[in-house]
Amino acid sequence: RMTQRELGLAVDYSEAQIARLESSIRLPDLIAVKGAFVEALDLKREPELATQLVKLAERARDAQTRSSRIIGNLPSVATPLLGRKQDVVAVSQQIMGGQAQLVTLVGPGGVGKTRLALEVARHLQDDYTDGVWWVPLAAMTEPQAALNTIVQTLAIEDRLGKPVLQVLQDDLRDKQLLLVLDNLEQVLEVASLIGYMLSVAPKVRALATSRELLRIGGEQGYTVMPLTDEAAALFVLRAKAIQPDFSLTEANRDIIAAICRKLDGLPLAIELAAARIPLFTPAEMLALLDQRLPLLTRGARDLPARQRTLRATIEWSYNLLTPDEQALFRRLGVFAGGCTLHAAQTFCEADGGLPLNAMDGLAALVGKNLLIREEYTIDLSVGNQMYYRSLAPSQEHNLSLTVLQTSGSFSRYRMLETIREYARDALIAHHEYDKWIRMLADYLLFIDTLAQRPVPEEHDNWLTALQWLISTRDATDLALRLATHGDIFATGSSELVEWLARTLKGTGISSNPEPRFRARVSYAASLGKNAEALEMLTEALEWYDAYGLQDDWLQTILCHLGFRYREMGQVEPARRYVKRAMQLAQARNQGLNVMNLMVTLAEVEIVAENAEEAYRLLDQVIAMASDSASSESDEMLLLAWIHNHRAHAALLQGETREAEIHLEQSLQSFARSSYLNGLGRAWGHESLGEVALMREDAAQAIEQFTQSVTIFNQLGNYTGLSWALCGMAGALVLDEDPERGARLWGAGEGLRQRIQSRIAPASRQNREHTLSRLREQLDAAEFARLTAEGAAWTLNQAVEAASQI
């Protein structure tokens, strides 16, 4: 009752091999029959049938008159291949399925293309009557030399003065064999000749390895990806070969996993690192991997010279680029977080411009597997339309924001970290790193201005630029401008918050003591933990008061002081600072700001559990809005927040249906407002999740909290994210999944405590019910263990766990 495909997967055969076996074209392998086939067909419990199957296999082999001699020249291998079973089956099926006469394995240097090709060849060697032939081409630089190597490998002697291509075509015309052409990237010019050779030999198949596709007719590509789950097993296997008493333990398990992640899952890099195990503990090795390439040297002596160090492997690919492509590759090495087409074009055109356009340059780097193209999705309702247009390949790309609830999908180009380190070192060797890292800083300032929102995708690039500028000490003003521009700290950069705090206390901005600049730095440095934020915001306010300044920055500082005290649950100072900001806005005739601050004050009253006062303030705002000259979009945004806060007040009074109505109206109003409405939608979905929890509707709660987690994470709003994670935990407990619920509770509550955020009054009852149910469904030790696991998660791990529910 198994299909050929199912049986093939169970016994590590391709579907085509099973078909050949059933048709008596392929001889049965007795070892496979006695082992994998007996197990796959569940015959261990029926020994008589198992014995009969083995006898049938032996009889089939005895009846065959075909020679048992294996034809070919495959090199032997001393170690098993880990983590590639599915790849072996998939590539074998491509070759045997008749879909392509040539299959090309592509991928970055060190990913294991050659080793996979060898395993596939060994897997198929019984299927070719004229053998499987291994042709190493790494040393070849001329097409004719490559063809001669194929002739010599096949031991073709009858040349009679004919051209080499004609000799090959004549010899292979009627043969059934597999050619494995290793390292073709050195002689891509031979690709068309190989195409001609195969065109007259219909029974010949070719398997090639290359760092880019050959781009000839009849070719199918197969991308060899870095290892994931099997990476640690490879590290341990190679380490044990050098140090037999080495083993995977609870103490080193996570460290080895981190080492493999730092090495991008590249098998060659992992093997080179494992070779250093006699010199370093795994923890020491992990610390050293901030500089990967110097550590990853001295590979096995039987490896080709280009694979004995990771640097040589990457250099092999680098040398295949044209000078202009090499220049672009080096420049893009400053992008720690990858780049967009717009960024690549900007760097192409800078410094006098390179004589190639970004599309051609990116195509070359992606084609040679020095760059990886990834798709990412962004919320088109959060930010400036012109920013999204800059991401598109052409102005014809339709990115209209009239439909605000949709998302856009864009390409981003990223280097593996091991490759980026090579590019960065090459920049330094060319004395270019300072110039291009400053270019990156200027570009990020431009992007932030254009986007009018935090750009989480650029977070790693911000960190890289800032850390370099800070370390040089001669670019402090540029670093401060970059750090204080926009809301970069909303992406969670605690390192930069701490640096700004240190800078303010030192002499870092003595060259720019202008109070507005000083206040702006203090404000940016405040975007960390609530307690630390209060200190920095208070210092910024003192600077303003000392100079008697009255401007938008003062209003911003006052508003954020009120916000921070509100988030800490301290109502009186929150009221005081928000009211002072309102007075400043009134004095400057800023009607819209006054109304927005009144809405903020209403939320302060909700924190104080004073629902009636919150209703009064919100009604007053509605009356003011009817007489204002604000734009329709601004009014919609204001109305959306009014409905949101009315819902919170209703929840305080236990009016879940009224709260639900207001939240739905709030989401509708957010959808009709302009961009920059993502935060309101996130809070709307979070609150609807709380309503669903109160009604014990687990499915609806999960749906609402999933949406809020996604948006809060995109916006870097960690207060909202902590609440939504705890809410999701409550939904899981309702759904009788206490283990996952406890982990998410630990993650959400751990985050809330780290940022020193309050508990929303409207969610207090749900939180109590969640904890009560968790303690009912888990014993105390299990509850403590699971919540501790969740608290130890990174933010990305917590978000991923919540998104998979």
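Keep in mind that what you see is a predicted model, and the values were worked out from it rather than measured.

### Looking at the overall build of the protein
Alright, step 1. Secondary structure summary: the protein contains 39 helices and seven strands in total.
Alright, step 2. Counting all 805 residues of the protein, 53% fall into the buried class.
Alright, step 3. At a minimum sequence separation of 6, the contacts of the protein that also span at least 24 residues come to 71%.
Alright, step 4. Accessible surface for the protein amounts to roughly 35800 Å². Of this, 50% is attributable to carbon and sulfur atoms.

### As for the packing of helix H29 (residues 591-607) against helix H30 (residues 611-626)
Alright, step 1. Put simply, H29 and H30 touch, their axes get as near as 8 Å, and they point 165° apart. Taken together, the axes of H29 and H30 lie roughly antiparallel to each other. As H29 runs across H30, the sense of the crossing is left-handed. Residue-level inspection shows Val594, Met595, Met598, Val599, Leu601, Ala602, Glu605 and Ile606 of H29 in contact with H30, the latter providing Glu613, Ala614, Leu617, Leu618, Gln620, Val621, Met624 and Ala625.
Alright, step 2. Class assignment for the residues of the contact of H29 with H30 results in 13 nonpolar, one polar and two charged.

### Describing the confidence of the model for the protein
Alright, step 1. Considering every residue of the protein, the mean pLDDT works out to 81; 83% of them sit at 70 or more.
Alright, step 2. Below pLDDT 50 for its whole length, residues 395-406 participates in 25 contacts with residues either more than four positions away or in separate chains.
Alright, step 3. Across residues 507-513 the pLDDT falls below 50, and counting only partners more than four positions away or on other chains, this stretch makes 12 contacts in the model.

### Quick word on the packing of aromatic side chains
Alright, step 1. Overall, the coordinates contain 14 aromatic pairs when judged by the stated rule.
Alright, step 2. Where Tyr318 meets Phe329, the ring centres are 5.7 Å apart and the plane angle is 50°; that geometry is what we call tilted. Note that Tyr318 is positioned in helix H15 (residues 310-318) and Phe329 in helix H16 (residues 323-332), a separation of 11 residues in sequence.
Alright, step 3. Owing to a relative accessible area of 0%, Phe329 belongs among the buried residues under this scheme.
Alright, step 4. Between Phe347 and Trp436, the ring centres sit 5.6 Å apart and the planes meet at 35°, which makes this aromatic pair tilted. Within this pair, whereas Phe347 is found in helix H17 (residues 341-349), its partner Trp436 is found in helix H21 (residues 433-451), the two being separated by 89 residues in sequence. The burial state of Phe347 is the same as that of Trp436; both residues are buried.

### Thoughts on the nonpolar core
Alright, step 1. The biggest cluster of nonpolar side chains holds 93 residues, and the ones touching the most others in it are Ile95, Leu207, Phe235, Phe329, Leu332, Val334 and Leu482.
Alright, step 2. The biggest single contributor to this core is H21, with 11 residues.
Alright, step 3. Not counting residues up to four positions away in its chain, the partners in contact with Phe235 are Phe246, Ile256, Ile259, Cys260, Ile270, Ala273, Ala274, Ile277 and Met285.
Alright, step 4. If you look at the next biggest cluster of nonpolar residues, it comprises 48 residues, including Tyr544, Val604, Val621 and Val691.

### Some words on helix H20 (residues 417-429)
Every α-helix carries 3.6 residues per turn, so stepping three or four residues along brings you back to the same face.
Alright, step 1. Across its 13 residues, H20 extends 18 Å between first and last C-alpha, which sits within 8% of the 18 Å expected from 1.5 Å per residue.
Alright, step 2. For H20, the buried fraction is high: 10 of the 13 residues fall into the buried class.
Alright, step 3. All of the buried residues along H20 are Thr418, Ile419, Arg420, Glu421, Tyr422, Ala423, Arg424, Asp425, Ala426 and Leu427.
Alright, step 4. One or two positions beyond H20, positive phi appears at His431, with a value near 60°.

### A word on the sheet that holds strand E3 (residues 178-182)
The strands making up a sheet associate through backbone hydrogen bonding, with each pair oriented either parallel or antiparallel.
Alright, step 1. Across the sheet, which stays open at both edges, the five strands sit in the order E2-E3-E4-E1-E5 with parallel pairing between neighbours. Looking at the sheet topology across the chains shown, the edges are occupied by strand E2 (132-136) and strand E5 (219-223). Looking at each pair of strands side by side, their axes are set apart by 20° on average, direction ignored.
Alright, step 2. Note that strand E1 (residues 102-106) and E5 share five bridges and pair parallel. The residue of E5 that forms the bridge with Leu105 is Tyr222.
Alright, step 3. The strands that helix H6 (residues 113-124) touches are E1, E2, E3 and strand E4 (205-210); relative to E4, the one it contacts most, it runs at about 165°.

### Details of the environment of Ser628
Alright, step 1. Along the chain, Ser628 falls in the loop between H30 and helix H31 (632-652).
Alright, step 2. Placed 36 residues apart in sequence, Ser628 and Leu592 show a C-alpha to C-alpha distance of 8.0 Å.
Alright, step 3. Ignoring sequence-local partners within four residues, the contact set of Ser628 consists of Met595 and Glu635.

### With respect to the side chain of Ser210
Alright, step 1. Here Ser210 is to be found in strand E4.
Alright, step 2. By relative accessible area, Ser210 is classed as buried at 0%.
Alright, step 3. Excluding its chain neighbours within four sequence positions, the residues that come into contact with Ser210 are Thr104, Leu105, Val106, Gly107, Lys113, Leu184, Glu185 and Leu188.

### Side note on the packing of helix H1 (residues 4-11) against helix H2 (residues 15-22)
Alright, step 1. Running from amino to carboxyl end, H1 crosses H2 at an angle of 105°, the nearest separation of the two axes being 8 Å. Classed by the angle they form, the pair H1 and H2 counts as roughly perpendicular. Residue-level inspection shows Gln4, Arg5, Leu7, Gly8 and Val11 of H1 in contact with H2, the latter providing Glu15, Ile18, Ala19 and Glu22.

### Quick look at helix H9 (residues 191-199)
Alright, step 1. Among the residues of H9, Ala191, Leu193, Ile194, Met197 and Leu198 are the ones counted as buried. End-on view of H9: buried residues confined to an arc of 155°, all on one side of the axis. In H9, the exposed positions angled more than 90 degrees off the buried face are occupied by Tyr196 and Ser199.
Alright, step 2. Tucked inside the fold, the buried residues of H9 contact E1, helix H7 (143-153), helix H8 (164-172), E3 and E4.

### Points about the pairing of E1
Alright, step 1. Of all the five residues making up E1, five are buried; the element is thus mostly covered by neighbouring parts of the structure.
Alright, step 2. Side-chain alternation along E1 places Leu102, Thr104 and Val106 on one buried face and Val103 and Leu105 on a second face that is also buried.
Alright, step 3. Bridge count between E1 and E4: five bridges; the pairing is parallel. The residue bridging Thr104 from the neighbouring strand is Ala208, located in E4.

### A few points about the pairing of E3
Alright, step 1. Counting buried residues in E3 gives five out of five residues, a clear majority hidden from the surface.
Alright, step 2. With burial as the criterion, each face of E3 is covered, one bearing Leu178, Val180 and Asp182 and the other bearing Leu179 and Leu181.
Alright, step 3. As paired strands, E2 and E3 are joined by five bridges and run parallel to one another. Paired with Trp134 across the two strands is Val180, which belongs to E3.

### Topic: the pattern of salt bridges
Alright, step 1. Under the defined criterion, the tally for this structure stands at 33 salt bridges.
Alright, step 2. Residues joined in a network through salt bridges with shared partners are Arg743, Glu782, Arg785 and Glu789.

### Comments concerning the environment of Leu732
Alright, step 1. Within the secondary structure layout, Leu732 lies in helix H35 (residues 718-734).
Alright, step 2. The exposure class assigned to Leu732 is buried, which follows from its relative accessible area of 1%.
Alright, step 3. The sequence separation of Leu732 and Ala701 amounts to 31 residues, and the corresponding C-alpha distance is 9.0 Å.

Each value, and the rule that gives it
Residues numbered from 1 in each chain as written. Predicted model: local features only at pLDDT ≥ 70, side-chain atom pairs only at ≥ 80, totals over all residues. Heavy atoms only, no water. Helix = DSSP H or I, 4+ residues; strand = E, 2+ residues; numbered from the N terminus. Buried < 20%, exposed > 50% of the residue type's maximum accessible area, 1.4 Å probe, protein only. Contact = heavy atoms within 4.5 Å. Areas by Shrake-Rupley, 256 points an atom, 1.4 Å probe, with all protein chains shown as cover. Axes fitted to C-alpha atoms, helices over the stretch in contact; angles between N-to-C directions. Parallel < 35°, antiparallel > 145°, perpendicular 65-115°, else oblique. Left-handed = near helix turned anticlockwise from the far one by under 90°. Nonpolar A, V, L, I, M, F, W, Y, C, P; charged D, E, K, R; others polar. pLDDT = per-residue confidence, 0-100. Phe/Tyr/Trp six-rings, centres within 6.5 Å; stacked < 30°, edge-to-face > 60°. Core = buried A, V, L, I, M, F, W, Y, C linked by side-chain atoms within 4.5 Å. Expected span 1.5 Å × (residues − 1). Pairing = 2+ DSSP bridges. Arc of directions from axis to C-beta. Salt bridge = Lys/Arg side-chain N within 4 Å of Asp/Glu carboxyl O.

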